[in-house]
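# Structure assessment
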Number of protein chains: 2
Amino acid sequence: MSSLAQSFEFVDLPDAYFDEIETRFAPLTAQARRLVDLTIRSEADEADVAEAAELLRRANDLLERRTRPFAAGVRFNASGRAANWGNAAVGLRNAIAPPMQTRHGDDGVVRASLHLGAAYEGPPRHVHGGVSALLLDHLMGETASQFKRFTATGTLTLRYVAPLPLGPVELEGRIVSEEGRKIRVHASIAGGAGVAVEADGLFIVPRDAA
Amino acid sequence: MSSLAQSFEFVDLPDAYFDEIETRFAPLTAQARRLVDLTIRSEADEADVAEAAELLRRANDLLERRTRPFAAGVRFNASGRAANWGNAAVGLRNAIAPPMQTRHGDDGVVRASLHLGAAYEGPPRHVHGGVSALLLDHLMGETASQFKRFTATGTLTLRYVAPLPLGPVELEGRIVSEEGRKIRVHASIAGGAGVAVEADGLFIVPRDAA
């Protein structure tokens, strides 16, 4: 895991740079999330769908004029501001991410409230069990790291106790114990009918990141 | 879980209907996947990004002319053809889904090969641990059900043994044991450097679906 802890990239850029990029891409990402949803739910006729695809092709060609060659990576500056834009769970510029926005309480508890729509479906009208796993894994990693250390997921155990309807969901994670470089975290995701998935995770602080 | 097994919707429609819809939406979904990637990786200037967002808004307005009110659900017809278009892991019309395409071997082993790009990132240049969990959960569910019965995830245990670089990945799942309504499945996801995550799952056939 050693390379991972050191792959976060320091950049000598002011907070204003991060603000500018986030502002530039916010309306695009909002439309991209809307598109993901509509691509699933649309019942538009052949002509409208074909025209939409053509507009989209033109938009993509514009965006492709200048690109980062690979993935977004994670960049941070001297004031601690981080650009984690491509992250699959929380990335502001990733239309796959709901995005989940976490709240770190003074008590160390990490919480998130979000709405999961058509794109997160597994069984009809319910959240995909794997989407619950994705969100829990991410929130538990943040709970373990508390934004002050790098941690890697060691093991994750998920107990599916009830189906989770699409719609508003709540996540909560807390540290259960810390022993050397091992951090145990408990978390849950709940929806209308109560807790749907309970999770226990063991997170590790790699030797070179401790 | 009883309502879940019965929420799959029978529709009296020929295979040709499913073919027609899949054909209509395939170019759109391909552009939507491209957009998700470019929204993360683009370094286009302010004017190009704003123009792309406007094209996208127009595409969305076209798609929104007629929509299903809620999620896609899962529909199937008399010949067993199923439309699982919105599924977060395998949905053909879901730009969040890579989509994973599974191969069911005669030996009961279920395999999938896919490419995970910028949109699936967690640690820099690596697959998000939660994305591995999402794909494993789905493949293991299919392994348990073998497309012949409904199964629900009971528990899922994931052991993260190595980081998984973005790029080509392989998944494999097999049934370890079956006892009454309990099915145990083992699976893994591997990349360039070998196996990254090992998973054990307990899947349940609900009483009303047995």
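Scroll up a little and you will see the structure.
All of these numbers come straight from a predicted model, not from anything done at the bench.

## Considerations on a positive patch on the surface
Where like charges cluster on the molecular surface, the positive patch consists of Arg181(B), Lys182(B), Arg184(B) and Arg207(B). Structurally, Arg207(B) is set in the segment after β9 (194–204).

## Some words on the relation of the copies chain B and chain A
Each copy of the sequence occupies a distinct position, and chain B is placed on chain A by a rotation of 180 degrees and an axial shift of 0.0 Å, giving an RMSD of 0.0 Å. Considering both components of the superposition, the chain copies are consistent with a two-fold axis. For chain B, the smallest separation between a C-alpha atom and the rotation axis is recorded for Thr157(B), amounting to 2.2 Å.

## Some details on empty space enclosed by the protein
As enumerated under the stated definition, the model contains 1 cavity of 30 Å³ or more in all. Of the volumes computed, that of the largest cavity is approximately 80 Å³. If you trace the largest cavity, you find it lined by Ala88(A), Ile96(A), Pro98(A), Tyr120(A), Val131(A), Leu134(A), Leu135(A), Ile96(B), Tyr120(B), Val131(B) and Leu134(B). When contributions to the lining of the largest cavity are tallied by element, the ones reaching two or more residues are α4 (129–145) of chain A together with α4 (129–145) of chain B. Tallying contributions element by element places α4(A) first for the lining of the largest cavity, with 3 residues.

## Some details on unusual backbone geometry
All names here are of chain A. Residue Pro-98 is joined to Pro-99 through a cis peptide bond whose omega torsion reads -15 degrees. Summarising the element assignment, Pro-99 is placed in the loop between β3 (82–83) and β4 (102–104). Phi is positive for Arg-125, which is not a glycine, with a value near 65 degrees. You can see Arg-125 is positioned in the loop between β5 (110–116) and α4. Located in the positive-phi region is Phe-147, a residue other than glycine, with phi close to 55 degrees. Counting through the fold element by element, Phe-147 comes out in the loop between α4 and β6 (152–160). Given a relative accessible area of 60%, Phe-147 falls into the exposed group.

Rules and cut-offs
- Residues numbered from 1 in each chain as written.
- Chains lettered and ligands numbered in written order.
- Predicted model: local features only at pLDDT ≥ 70, side-chain atom pairs only at ≥ 80, totals over all residues.
- Heavy atoms only, no water.
- Patch = residues over 30% accessible without salt bridge, like charges linked within 9 Å, V, L, I, M, F, W, Y side chains within 5 Å.
- Areas by Shrake-Rupley, 256 points an atom, 1.4 Å probe, with all protein chains shown as cover.
- Salt bridge = Lys/Arg side-chain N within 4 Å of Asp/Glu carboxyl O.
- Lys, Arg positive; Asp, Glu negative; His and termini not counted.
- Charge placed at Lys NZ, Arg CZ, Asp CG, Glu CD.
- Helix = DSSP H or I, 4+ residues; strand = E, 2+ residues; numbered from the N terminus.
- Least-squares fit on C-alpha atoms with pLDDT ≥ 70 in both.
- 1 Å grid on protein atoms, 1.4 Å probe; cavity = no way out; pocket = protein on both sides within 12 Å on 5 of 7 lines; lining within 4 Å.
- Points joined across faces, edges and corners; volume = space filled by probe spheres on them.
- Buried < 20%, exposed > 50% of the residue type's maximum accessible area, 1.4 Å probe, protein only.

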